[in-house]
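Given next are the chains, with one letter for each unit.
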Amino acid sequence: MRSLVLLLVAAPLLAQSPAMKPIVLHADRVLDGKGHVIAGGTVTVTGDKISKVDKAATGAATYDLKGLTLLPGMIDAHSHLTWYFNRQGRYHTNGDGDTPIQSMLSTAGNAYATLMAGFTTIQSPGSPEDKDLREWIALGQIPGPRVITSLNPLSNNRLGPDSLRAIVRRRKAEGADVIKIFASASIRDGGAQTMTDEQLQAICSEAKAQGLRTMVHAHSSESIKASVLAGCDQIEHGVFANDETLKLMADHHVYFDPQVCLVFRNYLDNRAKYDGIGNYNEAGFAAMEKALPLASAMFTRAIHTPGLKVIFGTDAVAGAHGRNAEELVCRVQASGQSPIDAITSATSLGAEALRMGDQIGSIAPGMQADMIAVQGDPTKDITALRRVMFVMKGGKVYKNEK
Ligand SMILES: [Zn+2]
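Residues numbered from 1 in each chain as written. Predicted model: local features only at pLDDT ≥ 70, side-chain atom pairs only at ≥ 80, totals over all residues.

## A few points about the overall build of the protein chain
Step number 1: Within the protein chain, the secondary structure is distributed over 13 helices and 15 strands.
Step number 2: For 402 residues, the compact-globule estimate of 2.2 N^0.38 gives 21 Å, and the C-alpha radius of gyration of the protein chain, at 21 Å, lies within 12% of that figure.
Step number 3: Excluding contacts between residues fewer than 6 apart, the proportion of contacts in the protein chain whose partners are at least 24 apart in sequence is 69%. (Helix = DSSP H or I, 4+ residues; strand = E, 2+ residues; numbered from the N terminus. Rg over C-alpha atoms; globule rule 2.2 N^0.38 Å. Contact = placed C-beta atoms within 7 Å.)

## Here we look at the sheet that holds strand S8 (residues 146-149)
Step number 1: Spatially, 3 strands are ordered S6-S7-S8 in an open sheet, and the strand pairing comes out parallel. One side of each edge strand has no neighbouring strand; the edge strands of this open sheet are strand S6 (74-76) and S8. Sheet twist, expressed as the average angle between the axes of neighbouring strands with direction ignored, equals 15°.
Step number 2: Along the sheet face, helix H3 (residues 130-138) touches strand S7 (119-124) and S8 and points at about 155° away from the line of S8. (Pairing = 2+ DSSP bridges. Axes fitted to C-alpha atoms, helices over the stretch in contact; angles between N-to-C directions.)

## Quick word on the domain arrangement of the protein chain
One widely used convention gives an interface's size as the accessible area the parts lose upon coming together.
Step number 1: Domains assigned within the protein chain are domain 1 (2-72 + 362-400) and domain 2 (74-353).
Step number 2: Using only C-alpha atoms to locate each centre, domain 1 and domain 2 end up separated by 27 Å.
Step number 3: At the interface, 28 residues of domain 1 touch 25 residues of domain 2.
Step number 4: When contributions to the side of domain 1 that touches domain 2 are tallied by element, the ones reaching two or more residues are helix H1 (2-14), strand S5 (63-72), strand S14 (388-393) and strand S15 (396-400).
Step number 5: Counting residues per element, the side of domain 1 that touches domain 2 draws most heavily on H1, which supplies 7 residues.
Step number 6: Partitioned by chemical class, the residues of the side of domain 1 that touches domain 2 number 17 nonpolar, 6 polar and 5 charged. (Domains from an automatic or database assignment. Nonpolar A, V, L, I, M, F, W, Y, C, P; charged D, E, K, R; others polar.)

## Focus: the pairing of S7
Step number 1: In terms of residue burial, S7 counts as a mostly covered element, since 6 of its 6 residues are buried.
Step number 2: Once the chain exits S6 it traverses helix H2 (residues 100-116) before rejoining the sheet at S7, and the crossover so formed is right-handed.
Step number 3: With 4 bridges connecting them, S7 and S8 associate as parallel partners. When the sheet's bridge partners are listed, Gln-123 is paired in S8 with Ile-148.
Step number 4: Once the chain exits S7 it traverses H3 before rejoining the sheet at S8, and the crossover so formed is right-handed. (Buried ≥ 20, exposed ≤ 12 C-beta atoms within 10 Å, placed from the backbone. Right-handed = clockwise from strand over helix to strand, strands pointing away.)

## Some points on the nonpolar core
Step number 1: If you look at the biggest cluster of nonpolar residues, it comprises 115 residues, and the most contacted ones within it are Leu-70, Ile-203, Leu-328 and Ile-372.
Step number 2: Ranked by residue count, the leading element in this core is helix H10 (residues 282-303), at 6 residues.
Step number 3: Mapped onto the domain boundaries, this core takes at least three residues apiece from domain 1 (2-72 + 362-400) and domain 2 (74-353).
Step number 4: With residues up to four places along the chain from it excluded, the contact list for Ile-203 reads Leu-154, Leu-164, Val-168, Ile-179, Ile-181 and Thr-214. (Core = buried A, V, L, I, M, F, W, Y, C linked by C-beta atoms within 7 Å.)

## Section: the packing of helix H4 (residues 161-174) against helix H5 (residues 197-209)
Step number 1: Here H4 crosses H5 at 30°, and the two axes come no closer than 9 Å. Considered as vectors, H4 and H5 are oriented roughly parallel to each other. As H4 runs across H5, the sense of the crossing is right-handed. Where H4 abuts H5, its residues Pro-161, Leu-164, Arg-165, Val-168 and Arg-169 lie against Glu-198, Gln-199, Ala-202, Ile-203, Glu-206 and Ala-207. (Parallel < 35°, antiparallel > 145°, perpendicular 65-115°, else oblique. Left-handed = near helix turned anticlockwise from the far one by under 90°.)

## A short note on the pairing of strand S13 (residues 371-375)
Step number 1: Within S13, 4 of the 5 residues are buried, leaving the element largely enclosed by the surrounding structure.
Step number 2: As paired elements, S5 and S13 share 5 bridges and run antiparallel to each other. Paired with Thr-69 across the bridge in S13 is Val-374.
Step number 3: As defined by bridge partners, S13 adjoins S14 across 4 bridges and the pair is classed as antiparallel. Within the sheet, the bridge partner assigned to Ile-372 lies in S14 and is Val-391.

## Quick notes on the sheet that holds strand S10 (residues 213-218)
Step number 1: Pairing is parallel in the open sheet, where 4 strands are placed in the order S9-S10-S11-S12. Two strands bound the open sheet, and with one partner strand each, they are strand S9 (178-182) and strand S12 (255-257). Sheet twist, expressed as the mean angle between neighbouring strand axes with direction ignored, is 20°.
Step number 2: Judged from the 5 bridges that link them, S9 and S10 form a sheet pairing that is parallel. From the neighbouring strand, Phe-182 faces S10, where its bridge partner is His-217.
Step number 3: Sheet contacts for helix H6 (residues 221-229): S10 and strand S11 (234-237); angle to S10, the most-contacted strand, approximately 165°.

Below, the structure is given as structure tokens:
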């Protein structure tokens, strides 16, 4: 309890309040998040918004980010902030002895690590604790990225269409921003379709009627196809997506959020911490090892599929928070994506998928002042994203190591 009080008291000191006086940022280059590079650009922030973008240095800078590249705060479309390793060095599960307060402190720690790593917005597909986390961060009580959440995901494939529709309406009433659905098994269990076409149609059509987006966990081509034809908005993972399903997603303007390395490597590197819990067993780890080259090859086919909107989500779990950008490094170095496209996927395209493209994900007048600065030039060397020196969210500076 004492540490919770300390955290809540100390946290606001980490952030400098948005001044009414404009803040002027000057950097070696500004990436607008939509593929443009402004050499030697200057960005002015008034309150919580960007008020001006200049193509050159204009007067004295409040923050002279020399040697750095300024870009929009990154967006991770798939992060599980509530997943952590307990003090016994094991993946936390209910019943391991941790109290809800201890779990929430670990979650707050993950949120802080994620923000410091340059991610100013995350989408969480599935945990009821997100509701308070979202609110406390939004109030500025604790430092963290903006949280968009599905609250509890929908995975029960024994329910009829009417019951599923009722759950969608209940999630909306509970405050969910998005509906998360499991249409296929985990990669550790083979990834085959688990919900019927009819069940998927019920969920995605009801969500649409309620004005909510849908994001669907789907690995097999069949489960992706069924989800796309059911009118769902975004597909997660898709390790076994074939060319036909990649094209189908493009034709239906469905966003695709695949992963190529971080999630798999994180599990394999932390095997002892997960081993023996649920499907984290011999067969499960073998399946993830096998998924690595498949996912990488699939990703390369995905980014070469005309019209397919490939966004950025890491599926960050315990062990991966704060290392989210490693997935971008893999996408560029192992799967052949251009650095500028990788950055766009984690900024303006990610914002568009969240239907927040008019608020976040790009540097332009009127946008939220969510910006980060990294050492070096990430358009030439993607590993620059590992060197986040400056973080601003909503006009508040949360990190300044320049
Ligand atoms: Zn996930």
